[in-house]
Amino acid sequence: MTEPAPRRRGRPPRAAAETGPGARERILSAARTEFSDRGYERTSIRGIAKAAGVDAALVHHYFGTKDEVFAAAIEVDFEPALTLSAVLGDDLDGVGERLARYFLSVWENPATRTPLIAVLRSALTHDAAAKVLRGFVLRRLLERVAGELRVPDPRFRAELAASHMMGIVIMRYVLEVEPLASAPAERIVELVGPTLQRYLTEG
């Protein structure tokens, strides 16, 4: 009679659903919800893993640290709207208006606005969240914009444009100051576009 195989010590193999191709997307979705509901400081890798139905080690495997999960969650909110090549175009005429319209379109979308507001609030109150958001904005947005400008101090100009738009975001979506909060987005684009154009292109 064949003896039964000895039992292995340690954890049993994880189910395919936990490690399959959809696991990364579930982790990101859970991270966005956790950061939105709990803020940066109270969100943990363990909590994200539990919400995604995976082991915490798998979150570390895909993303490393909480900062990196946070950065990836921000990037999800900007994609697929992140089409700066089309915004910048071959001709910088009208780039201020196009950039304003793109930026507002991300915040006007309810699916991206709620988690982004939570991310922004975390960044305003927590140094680590601010560092991650700052790094993302610099790496993915400002550096790409500055790289296309043919004017003195392109990085500084791109930062001025970003600071202008972030001020509008805080006033319109976070503080909800009227009449800015309820103004049509295209009206804002109409008024802000020329200012961004001057920041980005005028010598």
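Caption draft 1: Here's a closer look at helix α11 (residues 185-201). Under the 1.5 Å per step criterion, the end-to-end length of α11 is 23 Å for 17 residues, consistent within 8% with the ideal 24 Å. The largest bend in α11 amounts to roughly 40° and is located at Val192, with the proline Pro194 lying one to four residues further along. Taken together, the buried positions of α11 are occupied by Ile188, Val189, Val192, Gly193, Thr195, Leu196, Gln197, Tyr199 and Leu200.

Caption draft 2: Inspection of unusual backbone geometry at higher detail. Cis geometry marks the peptide bond from Glu178 to Pro179; its omega dihedral reads 10°. With respect to the secondary-structure elements, Pro179 resides in the loop between α10 (154-174) and α11. In this model, Glu176 sits at a positive phi of 55°, which is unusual for a non-glycine residue. Within the secondary structure, Glu176 sits in the loop between α10 and α11.

Caption draft 3: The arrangement of the pattern of salt bridges in detail. In this structure the tally under the stated criterion is six salt bridges. Of the charged contacts in the structure, one is a salt bridge between Glu34 and Arg38, with a shortest N-O distance of 3.9 Å. Here Arg38 and Glu34 lie together in helix α2 (residues 23-42), a separation of four residues that amounts to about one turn. We classify Glu34 as buried; its relative accessible area is 15%. When its relative accessible area of 37% is taken as the criterion, Arg38 is described as partly exposed. Among the ionic pairs, Arg172 bridges to Glu108, the shortest N-O distance being 2.9 Å. A residue pair is termed long-range when its members are at least 10 positions apart, and Arg172 in helix α10 and Glu108 in helix α7 (residues 95-108) qualify at 64 residues. By relative accessible area, Arg172 is classed as buried at 6%. Within the structure, one salt-bridge network assembled from shared partners comprises Glu97, Arg101 and Glu186.

Caption draft 4: Local environment of the packing of aromatic side chains. A full pass over the atoms with the stated rule returns three aromatic pairs. For the ring pair Phe35 and Phe70, a centre distance of 4.9 Å and an interplane angle of 75° mean the geometry is edge-to-face. Note that Phe35 is positioned in helix α2 and Phe70 in helix α5 (residues 66-78), a separation of 35 residues in sequence. Note on accessibility: Phe35 and Phe70 belong to one class, buried. Ring geometry for Tyr62 and Phe63: centres 6.3 Å apart, planes at 50°, overall tilted. Classification of Tyr62 as partly exposed rests on a relative accessible area of 30%. Of the residues examined, Phe63 reaches a relative accessible area of 8% and is grouped as buried.

Caption draft 5: Quick look at the confidence of the model for the protein. Per-chain confidence: the protein averages 79 in pLDDT, with 80% of residues scoring 70 or above. Confidence, expressed as mean pLDDT per element, reaches its minimum in the protein at helix α1 (residues 16-19) with 50 and its maximum at helix α3 (residues 45-52) with 94. Here residues 5-13 scores under 50 on pLDDT; set against residues more than four positions off or in separate chains, the count is one contact.

Caption draft 6: Structural context of the environment of Thr65. Residue placement: Thr65 occurs in the loop between α4 (56-63) and α5. Judged by relative accessible area, Thr65 falls into the partly exposed class, the value being 41%. C-alpha of Thr65 to C-alpha of Ser44: the two residues are 21 residues apart in sequence and 9.9 Å apart in space.

Caption draft 7: Here's a closer look at the side chain of Gln197. Residue position: Gln197 is located in helix α11. A polar contact of 3.4 Å, which involves the side chain of Gln197, links it to the backbone nitrogen of Gly94. Sequence-distant contacts of Gln197, defined by excluding residues within four places in its chain, comprise Leu92, Asp93, Gly94, Val95, Gly96 and Glu202.

Caption draft 8: Quick peek at the packing of α2 against α4. Closest axis-to-axis distance for the α2/α4 pair is 11 Å, and the angle between their directions is 100°. Classified by the angle between their axes, α2 and α4 sit roughly perpendicular to one another. Across the interface between the two elements, Ala23, Arg24, Ile27 and Leu28 of α2 pack against Leu58, Val59, Tyr62 and Phe63 of α4. Along the lines of polarity and charge, the residues of the contact of α2 with α4 split into seven nonpolar, no polar and one charged.

Reading the values: the criteria
Residues numbered from 1 in each chain as written. Predicted model: local features only at pLDDT ≥ 70, side-chain atom pairs only at ≥ 80, totals over all residues. Heavy atoms only, no water. Helix = DSSP H or I, 4+ residues; strand = E, 2+ residues; numbered from the N terminus. Expected span 1.5 Å × (residues − 1). Bend = angle between axes of the 7 residues up to and from the residue. Buried < 20%, exposed > 50% of the residue type's maximum accessible area, 1.4 Å probe, protein only. Salt bridge = Lys/Arg side-chain N within 4 Å of Asp/Glu carboxyl O. Phe/Tyr/Trp six-rings, centres within 6.5 Å; stacked < 30°, edge-to-face > 60°. pLDDT = per-residue confidence, 0-100. Contact = heavy atoms within 4.5 Å. Polar contact = N/O pair within 3.5 Å; in protein donor to acceptor, adjacent residues only side chain to side chain. Axes fitted to C-alpha atoms, helices over the stretch in contact; angles between N-to-C directions. Parallel < 35°, antiparallel > 145°, perpendicular 65-115°, else oblique. Nonpolar A, V, L, I, M, F, W, Y, C, P; charged D, E, K, R; others polar.

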